[in-house]
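Listed below, chain by chain, are the residues.
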Amino acid sequence: MINYLEFILFLLFCLYVLKEAVSYGIYEYKNENKFGGTCVIIFSIFTIVLSIVSLCIT
């Protein structure tokens with residue numbers, strides 16, 4: 001079982017990773033790689049959401 005401080009730190013780290021991944025996805029989308037940029041954005045959102053959900057379940 002994790003405590004609230006660990007959960008808040010994990011949540012902040014996840015939000016930072018999400019921001020970086022979406023920024024890179026937007027960069028790729030603007031530089032003529034629309035499929036790759038879209039895949040990066042969608043995959044990063046699903047990964048972060050599922051990691052938070054799995055942490056809340058345990």
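Structure shown above.
Residues numbered from 1 in each chain as written. Predicted model: local features only at pLDDT ≥ 70, side-chain atom pairs only at ≥ 80, totals over all residues. Heavy atoms only, no water.

Draft legend 1. Molecular detail of the overall build of the protein. A count of helices and strands for the protein gives two helices and zero strands. For 58 residues, the compact-globule estimate of 2.2 N^0.38 gives 10 Å, and the protein exceeds it by more than 25% at 14 Å. If you line up the protein on its principal axes, its C-alpha atoms span 45 × 15 × 5 Å. Going through the 58 residues of the protein one by one, you find that 16% of them count as buried. For the protein, the exposed surface amounts to about 4,700 Å²; the carbon and sulfur share of it is 76%. (Helix = DSSP H or I, 4+ residues; strand = E, 2+ residues; numbered from the N terminus. Rg over C-alpha atoms; globule rule 2.2 N^0.38 Å. Buried < 20%, exposed > 50% of the residue type's maximum accessible area, 1.4 Å probe, protein only. Areas by Shrake-Rupley, 256 points an atom, 1.4 Å probe, with all protein chains shown as cover.)

Draft legend 2. Structural detail: the packing of helix 1 (residues 4-30) against helix 2 (residues 34-57). Their axes nearest at 7 Å, the elements helix 1 and helix 2 cross at an angle of 170°. The angle between the axes of helix 1 and helix 2 places the two elements in the roughly antiparallel class. For the contact of helix 1 with helix 2, the residue count by class is 18 nonpolar, five polar and two charged. (Axes fitted to C-alpha atoms, helices over the stretch in contact; angles between N-to-C directions. Parallel < 35°, antiparallel > 145°, perpendicular 65-115°, else oblique. Nonpolar A, V, L, I, M, F, W, Y, C, P; charged D, E, K, R; others polar.)

Draft legend 3. Just helix 2, in detail. Given a rise of 1.5 Å per residue, 24 residues ought to cover 34 Å, and the 35 Å separating the end C-alpha atoms of helix 2 matches this to within 8%. All of the buried residues in helix 2 are Gly36, Gly37, Ser44, Ile48 and Ile52. On its buried face, helix 2 is in contact with helix 1. (Expected span 1.5 Å × (residues − 1). Contact = heavy atoms within 4.5 Å.)

Draft legend 4. Geometry of the packing of aromatic side chains. On inspection of all chains with the given rule, the structure shows one aromatic pair. Plain terms: the ring middles of tyrosine 24 and tyrosine 27 are 6.3 Å apart, the flat faces sit at 35° to each other, and that makes the pair tilted. Of this pair, tyrosine 24 and tyrosine 27 both sit in helix 1, three residues apart, roughly one helical turn. The class of tyrosine 24 is partly exposed, set by a relative accessible area of 44%. Classification of tyrosine 27 as partly exposed rests on a relative accessible area of 48%. (Phe/Tyr/Trp six-rings, centres within 6.5 Å; stacked < 30°, edge-to-face > 60°.)

Draft legend 5. Broad picture of the side chain of glutamate 28. Within the secondary structure, glutamate 28 is located in helix 1. For the buried residue glutamate 28, which engages in no salt bridge, the nearest side chain bearing the opposite charge is lysine 34, 11 Å off. A polar contact is formed between the side chain of glutamate 28 and the side chain of asparagine 33, at a distance of 3.0 Å. Sequence-distant contacts of glutamate 28, that is, excluding residues within four places in its chain, are made with Asn33, Lys34 and Gly37. (Lys, Arg positive; Asp, Glu negative; His and termini not counted. Salt bridge = Lys/Arg side-chain N within 4 Å of Asp/Glu carboxyl O. Polar contact = N/O pair within 3.5 Å; in protein donor to acceptor, adjacent residues only side chain to side chain.)

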